[in-house]
Every structure is written in structure tokens, then in C-alpha cells.
Amino acid sequence: MAKQPAKAPSQRQLRVAEEIRHALSRALERGDIYDPDLLRRPVTITKVDLSPDMRNAMVSFTPLGGGEAATALAALHRQKGQLRLQVAQSVHTKFVPQLRFVEDKSFDVADHIGALLRDPHVARDLKADTSDDQDKEDD
């Protein structure tokens, strides 16, 4: 049996995911969660993805200022119950989703792409492509 393509998240999923992201961010920002590792290296909650049944949430985070994410990930796992409690108090849904934390690597990928585009060889090729396009427009 062929696997069905994944559906785009519903508006409700997106709205609840954003509410969860705000609740987690507020809890970490206000210091409601006490963990020495999170105090030393604060984290930014960048995105929350909810499963279609809204019982599981994948929380993407990045350490503030970059750096080692393993310590922050371990601290978030230790505080998972407290963070879930904060979500339950802020977001009123039938079920409080289980939280799973993952490091957000999108900023690293964006930096890598930016570095590639700044490479002199790539810049030269992009400049050549731009001049070729303008020559075609002049015809």
C-alpha cells in the first residue's frame, strides 16, 4: 500500500502550536523554570510542530547566541514536566501535548548558504548570469 503524502497543518494546529511556543518562551523568559544550565545558556524557542491529533509537539530551539546545544537539550529534557505544566496552565486544550525537543539547525544552514553566496567564485558566476540576462532583455 502506497504511503499518503503528508497534509499541510490545519489552521487550528498552527494556532495552537504558536500558543504553545509563546507559553514555553514566556516560561523560560520569566524564569519560571529553574535549571542552572538554562540560566547559563538561555534558549530561544523557534518553532513548534503539532501532530494532527495534537497530542505530540516537536519543539525546535536554538541556544541564544549560538554554541553548544547538547547541554540545553539535556536541561530541557530534565524540565520537560515543568514546561508541560506551564503549557497546560497557558494553553487550554483537551489534551496537553507531549513535548519533544530538537535543535533547530535552520540558522546554521542559512549561515552556510550566505557564506557560499559570498564566495568570490560564486559571486563572479552570479554577476555573469545577471549580465547575460540583461543582454537578453536588450534584444
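The structure this text deals with has already been given above.
In this text, all values refer to a predicted model and were calculated from it rather than measured experimentally. (Residues numbered from 1 in each chain as written. Predicted model: local features only at pLDDT ≥ 70, side-chain atom pairs only at ≥ 80, totals over all residues. Heavy atoms only, no water.)

A. Quick peek at the overall build of the chain. When helices and strands are counted, the chain shows 6 helices and 3 strands. The order of helices and strands in the chain, counted from the N terminus, is α-α-β-β-α-α-β-α-α. Across the chain, every contact between residues at least 6 apart in sequence was considered, and the portion connecting residues at least 24 apart equals 60%. Working note: accessible area of the chain is about 9800 Å², and carbon and sulfur atoms make up 54% of it. (Helix = DSSP H or I, 4+ residues; strand = E, 2+ residues; numbered from the N terminus. Contact = heavy atoms within 4.5 Å. Areas by Shrake-Rupley, 256 points an atom, 1.4 Å probe, with all protein chains shown as cover.)

B. Structural context of the pairing of strand 1 (residues 43-50). Bridge count for strand 1 against strand 2 (residues 56-63) is 7 bridges, and the pairing is antiparallel. What sits directly across from valine 43, in strand 2, is proline 63. If you look at the hairpin formed by strand 1 and strand 2, you'll find 5 residues sitting between the two strands, and methionine 54 has a positive phi there, around 60 degrees. (Pairing = 2+ DSSP bridges.)

C. Broad picture of the packing of aromatic side chains. Scanning the entire structure with this criterion turns up 0 aromatic pairs. One cation-aromatic arrangement involves arginine 55 over phenylalanine 95; the distance from NZ or CZ to the ring centre is 3.5 Å. (Phe/Tyr/Trp six-rings, centres within 6.5 Å; stacked < 30°, edge-to-face > 60°. Lys NZ or Arg CZ within 6 Å of the ring centre and 35° of its normal.)

D. Structural detail: the pairing of strand 2. Across the 8 residues that make up strand 2, a large majority, 6, are buried. Bridge analysis of strand 2 against strand 3 (residues 98-103) gives 6 bridges, and the strand direction is parallel. Residue pairing for strand 3: serine 60 is matched across the bridge by valine 102. (Buried < 20%, exposed > 50% of the residue type's maximum accessible area, 1.4 Å probe, protein only.)

E. Spotlight on the sheet that holds strand 2. Overall, mixed pairing links the 3 strands, which are arranged 1-2-3 in an open sheet. Two strands lie at the open edges of the sheet, namely strand 1 and strand 3, each paired on one side alone. Averaged over all pairs of adjacent strands, the angle between strand axes in this sheet comes to 30 degrees, irrespective of strand direction. (Axes fitted to C-alpha atoms, helices over the stretch in contact; angles between N-to-C directions.)

F. How the structure looks around the pattern of salt bridges. Throughout the structure, instances matching the rule amount to 8 salt bridges. A salt bridge links arginine 15 to glutamate 19; the shortest N-O distance between them is 3.3 Å. Placement of the pair is arginine 15 and glutamate 19 together in helix 1 (residues 11-30), with a separation of 4 residues, close to one helical turn. We note a salt bridge from arginine 78 to aspartate 35, for which the minimum N-O separation is 3.0 Å. Taken together, the positions of arginine 78 in helix 3 (residues 70-78) and aspartate 35 in the loop between helix 1 and helix 2 (36-40) put the pair 43 residues apart, joining distant regions of the chain. Note on aspartate 35: relative accessible area 3%, which makes it buried. (Salt bridge = Lys/Arg side-chain N within 4 Å of Asp/Glu carboxyl O.)

Note that all results are geometric; they support no functional claim without further evidence.
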